[in-house]
Amino acid sequence: MARRDCGLSPGLHECQEEDKEFKDGQGERASPGGCASREEDGGALVDFAGIPISELKNRDVLRALTAEANGWEPGVVSAEVLRAQEEWEAVDTIQPDAESWDSSDQPGQLISFGEALQHLQTLDLSSFKRIQPTVRRTGLAALRHCLFGPPKLHQGLREERDLVLTIAQCGLDSQDPVHGRVLQTIYKKLTGSKLDCALRGDHWEDLGFQGANPATDLRGAGFLALLHLLYLVMDAKTLLMAQEIFRLSRHHIQQFPFCLMSVNVTRITIQALREECLSRECNRQQKVIAVVNSFYAATFLRLAHVWRTQQKTISDSGFVLKDLEALAKKSPRRLLKTLESYLARASKGQASLLAQKCPGPQAPPSTDLTFTGVCDLQPHSSEGAGLI
């Protein structure tokens, strides 16, 4: 093939002359021992040292590398090469999992309680059924509540209360990246992991969910249960408490499903809010969400204290939750004061309610355990079984 003269520089003409000499001498160096001889001299690439990149495309070596574009095919293809090619081609056809979250919204980053709440406030929640903010009472119960019950919630706080109860009706949305970040944050804060985790998998059972899909365990508490966990692990004041309770939940004898127990505490909180047990405190602080969060944390702390000091086990879960609900509704201020005292001592590094270390090694959750939720225990029941 004739070479066109495009006004190449003298240096490039010299390269062309070297190329010609190289081609003329190829026949002499094509002997079986030629390759070894060239390796002893420093390798074949030494011949191309100092040659401009734009000129290398005219060389046979780069032509061989791009031969596929010119229709070149190898004479013999091994089965391993074909298998590897099929696996590589299959990579392009893999579709994203329909259950996964869009990574464009930075799912790997932790999310704060405020950010998650702000996101929920921007959503259209009108599709959820009309909530019943308070418990309906009739007869003597209504009269007694009117005369001796807690005060009514101030009118200006009722919209905030309704938002809390509406969030409790929202489920876990696998198509919402913010929901994914909430779960990822909870997982990372409790386990100390730096890596993201899948939407479904056995790793959620390690945190105390009943199965591989956390969405199935939110019955009766909805997305509010996850918001409460997020508040617990992302607030610097309550993170230590969350970690202490989590360690207690993995005790080899007193173990219990941490997240499942938390969902039940959220359920107690919702019921206390609907029965206006928190109205006096909400009116005093002129807040609802902050009071609800603190009440949830205080109730969870009380549960952990009773569980640890009274040597409770998973078979006692239903009875513990039933007594806890009665106490929480009767003396919410007492629980909040206990929480304040705990947080004050914890900030100073002093002994806390859970300071006594659990003897013995920690153990992963057992699949043979049964857990009774606060809504599952029947009056005068003598059984402690039945999963929520």
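Preceding this paragraph is the structure being described.
To start, this report covers the structure provided alongside it. Here the residue index of a chain counts from 1 through its sequence in written order. pLDDT decides what is reported in this predicted model: residues at 70 or higher carry local features, side-chain atom pairs at 80 or more are listed and counted, and totals for whole chains, interfaces and linings draw on all residues regardless. Note that the side-chain values use all heavy atoms of the structure and ignore hydrogens as well as water.

Comments concerning the overall build of the protein chain
For the record, the criterion: The helix count covers DSSP runs of H or I at least four residues long, the strand count covers runs of E at least two residues long, and both are numbered beginning at the N terminus. By definition in these notes, contact holds between two residues if any of their heavy atoms fall within 4.5 Å. Note on areas: Shrake-Rupley, 1.4 Å probe, and residue coverage restricted to the protein chains presented here.
If you tally the helices and strands in the protein chain, you get 17 helices and zero strands. Within the protein chain, contacts between residues at least 6 apart in sequence are counted, and of these 74% link residues at least 24 apart. Here the protein chain displays about 22,500 Å² of accessible surface, and carbon together with sulfur accounts for 52% of that area.

What to know about the nonpolar core
The following threshold applies: Definition of nonpolar core: a set of buried residues of the types Ala, Val, Leu, Ile, Met, Phe, Trp, Tyr and Cys, connected through side-chain atoms within 4.5 Å. The buried label goes to any residue with under 20% of its type's maximum accessible area, the exposed label to any with over 50%, and the partly exposed label to all in between, with areas taken from a 1.4 Å probe on protein chains only.
Of all hydrophobic cores here, the largest spans 82 residues; its most connected members are Phe-223, Leu-226 and Phe-300. Per element, the largest residue contribution to this core is 12 residues, and it comes from helix α15 (residues 289-309). Apart from the residues within four sequence positions on either side, Phe-300 is in contact with Leu-232, Ile-245, Phe-258, Met-261, Ser-262 and Val-265.

Considerations on the packing of helix α11 (residues 223-234) against helix α13 (residues 258-274)
For the record, the criterion: For helices, the fitted axis covers only the stretch in contact; all axes are lines through C-alpha atoms, and the angles between them, taken along N-to-C directions, range from 0 to 180 degrees. Angle categories: roughly parallel below 35 degrees, roughly antiparallel above 145, roughly perpendicular from 65 to 115, and oblique for all the rest. Amino acids are sorted into nonpolar (Ala, Val, Leu, Ile, Met, Phe, Trp, Tyr, Cys and Pro), charged (Asp, Glu, Lys and Arg) and polar (every other residue, Gly among them).
In contact at an axis separation of 9 Å, α11 and α13 are set at 110 degrees when each is read in the N-to-C sense. The angle between α11 and α13 places the two elements in the roughly perpendicular class. Taking contact as the criterion, the partners of Leu-224, Ala-225, His-228 and Leu-229 in α11 are, on α13, Phe-258, Cys-259, Ser-262, Val-263, Thr-266, Thr-269 and Ile-270. Taken together, the residues of the contact of α11 with α13 break down into seven nonpolar, four polar and no charged.

Some details on the environment of Pro-150
Considering the arrangement of structural elements, one finds Pro-150 in the loop between α7 (139-148) and α8 (158-167). A relative accessible area of 23% places Pro-150 in the partly exposed class. Residues Pro-150 and Leu-278, 128 residues apart in the sequence, show an inter-C-alpha distance of 8.2 Å.

Section: the packing of α8 against α13
Rule in force here: Crossing handedness is defined as follows: a turn of the near helix away from the far one that is anticlockwise and smaller than a right angle gives a left-handed crossing, while the clockwise case is right-handed.
The geometry of α8 relative to α13 is characterised by a closest axis approach of 11 Å and an angle of 145 degrees between their N-to-C directions. The interaxial crossing formed by α8 with α13 has left-handed handedness. The segment α8 lies against α13, with Arg-161, Val-164 and Leu-165 engaging Ile-270, Leu-273 and Arg-274. Residue classes in the contact of α8 with α13 are distributed as four nonpolar, no polar and two charged.

Remarks on the environment of Lys-329
What counts, and what does not: By the criterion applied in these results, polar contacts are pairs of N or O atoms within 3.5 Å in which, for protein atoms, one can donate a hydrogen and the other can accept it, and in which residues neighboring in sequence qualify only through two side-chain atoms.
Within the fold, Lys-329 resides in helix α16 (residues 317-330). Considering only alpha carbons, one finds Lys-329 and Thr-269, 60 residues apart in sequence, at a separation of 8.7 Å. Of note is the side chain of Lys-329, whose polar atom sits 2.9 Å from the side chain of Glu-275.

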